[in-house]
Amino acid sequence: MKSPIIVNVENISKSFANNGQVKQILKDISIDINRGEIVSILGESGCGKSTLLNLIGGFDSASEGQIIMEGQKVTHPSRKCIMLFQDYGLFPWKTVQKNVEVGLEVTNANPAERLEKALKYLRLVGLEEKVHLFPHQISGGMQQRVAIARALAIQPELILMDEPFAALDTFNRYYLQDELLKIQSQERTTIILVTHDIDEAIYLSDRILIMSSNPGKIHKELTVPMSKPRDRSSSDFQYFRKIILEEFHFNRPGVPLEYNI
Ligand SMILES: Nc1ncnc2c1ncn2[C@@H]1O[C@H](COP(=O)(O)OP(=O)(O)OP(=O)(O)O)[C@@H](O)[C@H]1O
Ligand SMILES: [Mg+2]
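To keep things clear, this report deals only with the structure shown in the data block. (Residues numbered from 1 in each chain as written. Chains lettered and ligands numbered in written order. Predicted model: local features only at pLDDT ≥ 70, side-chain atom pairs only at ≥ 80, totals over all residues. Heavy atoms only, no water.)

### Remarks on the sheet that holds strand E4 (residues 64–69)
An order of E2-E1-E4-E5 is seen for the 4 strands of this open sheet, with the pairing classed as antiparallel. Lying at the two open borders of the sheet, with one neighbouring strand each, are strand E2 (21–34) and strand E5 (72–73). Two elements, strand E1 (residues 5–18) and E4, share 5 bridges in a ladder whose sense is antiparallel. Residue Val-9 lies in a different strand from E4, and its bridge partner there is Ile-67. (Pairing = 2+ DSSP bridges. Helix = DSSP H or I, 4+ residues; strand = E, 2+ residues; numbered from the N terminus.)

This is the structure:
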C-alpha cells in the first residue's frame, strides 16, 4: 500500500551567497505532506516561500536536510511533480490545445492519446470551445485555466503552485478556485500552494503553514477541518481569518474584525 505521506521535508535549511555575503533564507524546516491534501504556505514577501517550493520541486538543492518524495530523495525535477507558475508559462505560438498536448510529451502517451487527454482536461476547465485559439486571443483567467489543464493532464502526484491566481480579478479567482477544488477532488492530486491571499488559503486548504522570516521558518500550522465547498461568510471562515490576521499582527485591538480586513 502507498504511504499516506507523499512528501517529507526533513530539516531543510537554505542559504544564498549575495555579493560575497552568505544569508540564511530557510532554517530547519520540516513538513510532511499527505497524499490528496491541499496545503497552503502563507508568509510575508521575501520569507522564502518560492525558495521552499523550488526545493520541493527539485529545481534547486538545499544547503542542509533533504526532501523525500514517495520514498526517494529529490535531486532534480520529475514529472511526478509539476510547478505551476504565476505567469502561466504558455507558448504564444501554439494553440490552447497544442499547449496542453506539448506538456504531455514528457509522458509516454502517443499523439492520439495526447490529443484525447488534452481535450479531456480542457473540457474539465471549461475551455472546449477555445481549443483552436492562441493564448493572446483568450483572457488572462482562461490562460491560467490552460496552464492548470496542462499541469493536470500530466496527472502528476503533486502540483506546486506559486501564487497561481494572484494576477486575476476576484471573479476569475473565485471561479478558478472552485474549478481547482472540483478537479482536485476528482483526481485526488496533492497540491502545495503559495499564496498571499488569506481567504484563498482558508477556502482551499486542508492545512495552512504560516511562515516567519529572517530566516524563514514554519511559525504555525493550522488544520482547517471545514467541509468543502466552504462559505466565505460563515462564522467558521471568519474564525480562521481572525486567527491568521492575528498571527500577522494585522488585527487592531478594539476594532471589529471586518474593519481590519
Ligand atoms: N537565487 C537566489 N540568489 C540569492 N538570493 C536569493 C535567490 N533566490 C531567492 N533569494 C533571496 O531569498 C529570499 C527569499 O526569496 P523568495 O523568492 O523565496 O521569497 P518569497 O517568500 O517567495 O517572496 P514573495 O512573496 O515576494 O514571492 C529573498 O531575500 C531573496 O532575495
Ligand atoms: Mg515568491
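### Regarding the packing of aromatic side chains
Applying the stated rule across the entire model yields 2 aromatic pairs. Judged by centre distance (5.3 Å) and plane angle (80°), the ring pair of Tyr-239 and Phe-240 falls under edge-to-face. By relative accessible area, Phe-240 is classed as buried at 7%. Above the face of the Tyr-174 ring, Arg-232 is positioned so that its terminal group lies 3.5 Å from the ring centre. The ring of Tyr-203 has Arg-232 sitting right over it, with the charged end atom 3.7 Å from the ring centre. (Phe/Tyr/Trp six-rings, centres within 6.5 Å; stacked < 30°, edge-to-face > 60°. Buried < 20%, exposed > 50% of the residue type's maximum accessible area, 1.4 Å probe, protein only. Lys NZ or Arg CZ within 6 Å of the ring centre and 35° of its normal.)

### Some remarks on the sheet that holds strand E8 (residues 190–195)
If you walk across this open sheet you meet the 6 strands as E6-E7-E8-E3-E9-E10, and the pairing is mixed. Strand pairing shows two members of the sheet lacking a second neighbour, strand E6 (81–84) and strand E10 (217–223), which therefore form its edges. Within the sheet, the average angular offset between the axes of one strand and its neighbour, ignoring direction, is 20°. Pairing of E6 with strand E7 (residues 158–162) involves 4 bridges; the strand directions are parallel. Across the sheet, Cys-81 pairs through a bridge with Leu-158, a residue of E7. Against the sheet, helix H7 (residues 235–247) touches strand E3 (38–42), strand E9 (207–212) and E10, its axis set at about 170° to E10. (Axes fitted to C-alpha atoms, helices over the stretch in contact; angles between N-to-C directions. Contact = heavy atoms within 4.5 Å.)

### Here's the deal with the site of ligand 1
Among the 13 residues in the neighbourhood of ligand 1, the closest are listed as Ser-45, Gly-46, Lys-49, Ser-50 and Thr-51. Side-chain polar atom of Ser-50 to an oxygen atom of ligand 1: 2.8 Å apart, as the coordinates give it. For ligand 1, the protein covers 62% of the area, taking 630 Å² as the surface of the free molecule. Those elements giving two or more residues to the shell around ligand 1 turn out to be E1 and helix H1 (49–56). Ranked by residues supplied to the shell around ligand 1, first place goes to H1 with 3 residues. Across the shell around ligand 1, the residue classes tally to 3 nonpolar, 7 polar and 3 charged. (Near = heavy atom within 4 Å. Polar contact = N/O pair within 3.5 Å; in protein donor to acceptor, adjacent residues only side chain to side chain. Areas by Shrake-Rupley, 256 points an atom, 1.4 Å probe, with all protein chains shown as cover. Nonpolar A, V, L, I, M, F, W, Y, C, P; charged D, E, K, R; others polar.)

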